[in-house]
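Now for the letters of each chain:
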Amino acid sequence: MKIAFVGKGGSGKTTLSSLFIRHLAATGAPVLAVDADINQHLGAALGLDEAEAAALPAMGERLPLIKEHLRGCNPRITSAETMIKTTPPGEGSRLLRVCEDNPVYEACARSVELDGGGVRLMVTGPFTDADLGVACYHSKTGAVELCLNHLVDGQGEYVVVDMTAGSDSFASGMFTRFDITFLVAEPTRKGVSVYRQYKEYARDYGVVLKVVGNKVQGPDDLDFLRAEVGDDLLMTVGHSDWVRAMEKGRPLPFELLEDANRRALRALQVATDATYELRDWERYTRQMVHFHLRNAASWGDARTGADLAAQIDPAFVLGEGVAASA
């Protein structure tokens, strides 16, 4: 199951996604965690110290390796250099699976031990001095989108992605790659404005969107969120002494997380698992092709655009390939 956490900057999406990752790991479920935010904080939220978090390998810096592995022997992709973030798999492409060892995980993923279990963690990587003034962050998140396009996950397997803040996720087709998207919203006008924007942009793409109210302090906050987001409000969370201790570098055993917040995390898992039966492979693959063709059309060089469009193998992508593999 692929899960995205989105929301306004400072809403608490990284904290919520890290708690959900811990919850899933404690159940023994296989988890792949991905930090796709420009502000790389997921590693620290999972308990890594500053040096450990800084040492995590950046996916954006290993893009050639990722492309070379994923293209496999696909005859439509002449070289790794011709692959872009939206390139779909085709006959001969290599697919990633949550529970396997492969060169992409070896290069980009690191194991993080948590209470009751461990997870694989991958990060896009921060801006470097070479990026400043000349590169946009989507050049890095493209590595995540490419992996998601080639990732096959099953029931009881979880891929949790901490996304960029606000509606920046819509700068690519990555927002369609998830079974469910949790939008973390504070009970404020700014908090729900991101929800409205996200809801509007995602409206025509079949995105399953649920709101998690954060920093809710009483009935008035709850009433405000209910009035603003309606039935999309899944649950709310409030103050957590456990989280505050973690943020101060004084981690407590996960079993000491407050009962109300543990129930909230279970509710997130129930909502996630319920989307498994809603998987629409025809729509999923159609959207993959749609965004790749749009990328091809946006290239100024007509030949380059045609070459990108030629990467699509309709018989594989829209027929037996991805759907059968999944």
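Preceding this section is the structure that the text describes.
Residues numbered from 1 in each chain as written. Predicted model: local features only at pLDDT ≥ 70, side-chain atom pairs only at ≥ 80, totals over all residues. Heavy atoms only, no water.

**Concerning the overall build of the protein**
Thinking step 1. On a plain count of helices and strands, the protein comes out with 13 helices and 10 strands.
Thinking step 2. A buried classification covers 53% of the 326 residues belonging to the protein.
Thinking step 3. Intrachain contacts of the protein at a sequence separation of at least 6 include 73% that bridge at least 24 residues.
Thinking step 4. With the model as given, the accessible surface of the protein reaches about 14,600 Å², and the carbon-plus-sulfur share is 51%. (Helix = DSSP H or I, 4+ residues; strand = E, 2+ residues; numbered from the N terminus. Buried < 20%, exposed > 50% of the residue type's maximum accessible area, 1.4 Å probe, protein only. Contact = heavy atoms within 4.5 Å. Areas by Shrake-Rupley, 256 points an atom, 1.4 Å probe, with all protein chains shown as cover.)

**Observations regarding the side chain of Gln287**
Thinking step 1. Of note, Gln287 is situated in helix 11 (residues 281–298).
Thinking step 2. Not counting residues up to four positions away in its chain, the partners in contact with Gln287 are Thr176, Arg177 and Tyr205.

**Here's the deal with the pairing of strand 1 (residues 2–7)**
Thinking step 1. Where burial is concerned, most of strand 1 is hidden: six out of the six residues are buried.
Thinking step 2. The alternating pattern of strand 1 places Lys2, Ala4 and Val6 on one face and Ile3, Phe5 and Gly7 on the opposite face, and all of these are buried.
Thinking step 3. As paired strands, strand 1 and strand 8 (residues 180–185) are joined by five bridges and run parallel to one another. Pairing of Gly7 across the sheet is with Val184, part of strand 8. (Pairing = 2+ DSSP bridges.)

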